[in-house]
Amino acid sequence: MTNDQSNAMWGGRFAAGPDAIMEAINASISFDQRLAAQDIAGSRAHAAMLAATGILSDTDSQAIREGLLTVLSEIEGGRFAFSTALEDIHMNVEARLKEVIGEPAGRLHTARSRNDQVATDFRLWVRDQIDAALAGLEALIRALLAQAEAGADWVMPGFTHLQTAQPVTWGHHMMAYVEMFARDMGRFADARARMNECPLGAAALAGTSFPIDRQMTAAALGFDRPMANSLDAVSDRDFALEFLGAASICAMHLSRFAEELVIWSSAQFRFVVLSDRFSTGSSIMPQKKNPDAAELIRAKIGRIMGANVALMMVMKGLPLAYSKDMQEDKEQVFDAADNLMLALAAMEGMVRDMTANRPALEAAAASGFSTATDLADWLVRALGLPFREAHHVTGTLVALAERKGCDLPELTLSDMQGVHPGIRAEVFDVLGVHNSVASRVSYGGTAPDQVRAQVARWKERLG
C-alpha cells in the first residue's frame, strides 16, 4: 500500500496521516480546559510552597503567582487561545505563563509532575461539583418541605405495585423524597470527606528529593491532609467513581420522582398541575400539555449511570501507577456532573411551581378499597380476631363490595354483619380516609401530626 493510499484511508481531518491521529488522540485540551481554575489554584499554592521552603526565590514565586492570575483572567474573559499541540490544560497554562513573565515560568514545575498535578486538579474540580450538588439538593429539599407543610393533611392514595394500597397524605409522600434526597446529600458529603486529601507532591509516582512541604500545599488548597502514598496519589480515581456512584443513586431518585410527576400530571390521574415553565405543547394536538422536563430528568440516569460504568471500565485493569488510559477519566465525569445539576435545578423548579389537585387526590384516596387494612385492624382491636381471620373477613367484605359496585364505607351494617355478626356500627368510624391517615401515628407514619413534626425537624436541621 502506498503512502497516498494510507493517507486516504484516514480520511477527512486525518488526511495528514498518523501524526494528525496521534495529536488528536493524545490531546485533552478540548475538555480538560474546564480544569483551568483548579490548575491555576494548584500552581499558585505550589509556587508559594517552593518559595517558603527555599526551593524557589521569593521574586520568582511572586512573578509566577501574579502571572498565573493574568492567565486565569484571560481564560475567564474568553481571551485565551487554547492549543491542541500543547496537549492539555497544564501545558497550555505554562506556555502562556512563559509568554507573560518569561524565564521564571520554567521553574514552576520543580518538584512536581503532570501526574500529581492532574490528580490534584481533578480532585479540586470534583470537590467543587460535590459542593454544588449539595447546594442543589438542599434547594430541592426546601421545595419539598414547602409542599409537605402545605399538604400535611391532604389525603391521597398510597400505592404498592401502582395499585391503591392505603390512604396517605400528600405531605407524607413529599417527605419520603426529602428522606431520599437527604441520604443523597449524605453520600456526597461522605465522598467529599474521603477524597479531601491532596495528591500534590507525589510527583510522577515516587515523591521528590526536593524538601517540599506537602502539609502547606494541602492546607492552602483546602485539603485535610496530603495523601500518604505517592503511588496511590497519582494512580487512583476512586474519588471520581464515588462521586459518580452518589450521582447515579441521586439521579435514580430524581427519575423515580419524575416518573410519578409524569403519571400524576396525566389526564387519567390529574393529581398535579405542572407549571407552563416546565411543560410544552404538542405540535399537532392543541389540548396537550406535556411534562417534558420530568421526562428528560427521568432519562438523565442513563447518562449518569453510563458515566459511572465507563470510568469503572477505564480503571479496572490498570497497573500502578499512572497510565494514559486515565486521560479518559474526565469527559464522562464532566457530562454526568452537568446533567445532574441540570436535573436537580429542573426538579426543584417543578416542585416549587407545581399545584396539587386536592379534590382529585381525595377522591382517588377513597377509591379502590383503600381502607381495607383499617377494617382488618379494627376487627383485631375491637373484636379480638386473630389477624389472619380478620384478613379473611375483610377480603370477603371487599368481594361483596365489588359485587355490589360500591366501596367499603357504602356497605350497610347488615351487609357487614352477614359476613361477621360481631361487627358494630362504630366500624364506619375507621373506614373514612381522613380517619385512616389520622390513625397512623407511629413514628414515621402518615398522620398529619407526624408529617408536621418531620417537616419541623427538617426545617430546624437545615436552618
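Residues numbered from 1 in each chain as written. Predicted model: local features only at pLDDT ≥ 70, side-chain atom pairs only at ≥ 80, totals over all residues. Heavy atoms only, no water.

Caption draft 1: Focus on the overall build of the chain. Secondary structure summary: the chain contains 19 helices and six strands in total. What you see for the chain is a C-alpha radius of gyration of 31 Å, clearly larger than the 23 Å of a compact globule of 463 residues, by over 25%. In terms of its C-alpha atoms, the chain occupies a principal-axis envelope of roughly 100 × 55 × 40 Å. Residues classed as buried in the chain amount to 48% of the 463 residues present. Summarising the internal contacts of the chain: among those between residues at least 6 apart in sequence, 72% fall at separations of at least 24. Here the chain has roughly 21400 Å² of accessible surface; of this, 54% comes from carbon and sulfur atoms. Distance between charge centres in the chain, computed from 43 positive and 57 negative side chains, equals 3 Å. (Helix = DSSP H or I, 4+ residues; strand = E, 2+ residues; numbered from the N terminus. Rg over C-alpha atoms; globule rule 2.2 N^0.38 Å. Buried < 20%, exposed > 50% of the residue type's maximum accessible area, 1.4 Å probe, protein only. Contact = heavy atoms within 4.5 Å. Areas by Shrake-Rupley, 256 points an atom, 1.4 Å probe, with all protein chains shown as cover. Lys, Arg positive; Asp, Glu negative; His and termini not counted. Charge placed at Lys NZ, Arg CZ, Asp CG, Glu CD.)

Caption draft 2: Structural detail: the pairing of strand β1 (residues 155-160). Pairing of β1 with strand β2 (residues 163-169) involves five bridges; the strand directions are antiparallel. The residue bridging Val 155 from the neighbouring strand is Thr 169, located in β2. The hairpin formed by β1 and β2 contains two residues between the paired strands, and His 161 there has a positive phi angle of roughly 60 degrees. (Pairing = 2+ DSSP bridges.)

Caption draft 3: Structural context of the environment of Phe 269. Its place among the elements puts Phe 269 in the loop between α11 (238-264) and β5 (272-273). With 196 residues separating them in the primary sequence, Phe 269 and Ser 73 have C-alpha atoms 53 Å apart. If we skip the residues at most four places from it in the chain, Phe 269 touches Phe 159, Ile 263, Trp 264 and Ala 360.

Caption draft 4: Molecular detail of the packing of aromatic side chains. In total, this model carries 11 aromatic pairs according to the counting rule given. With centroids separated by 4.7 Å and ring planes inclined at 50 degrees, the aromatic side chains of Phe 80 and Phe 82 adopt a geometry described as tilted. Classification of Phe 82 as partly exposed rests on a relative accessible area of 27%. Cluster of aromatic residues (ring-pair linked, three or more members): Phe 159, Trp 170, Trp 264, Phe 269 and Phe 271. Lying across the ring of Phe 223, Arg 127 places its NZ or CZ 4.9 Å from the centre. It is Lys 330 that lies over the ring of Phe 122; its NZ or CZ is 5.6 Å from the centre. (Phe/Tyr/Trp six-rings, centres within 6.5 Å; stacked < 30°, edge-to-face > 60°. Lys NZ or Arg CZ within 6 Å of the ring centre and 35° of its normal.)

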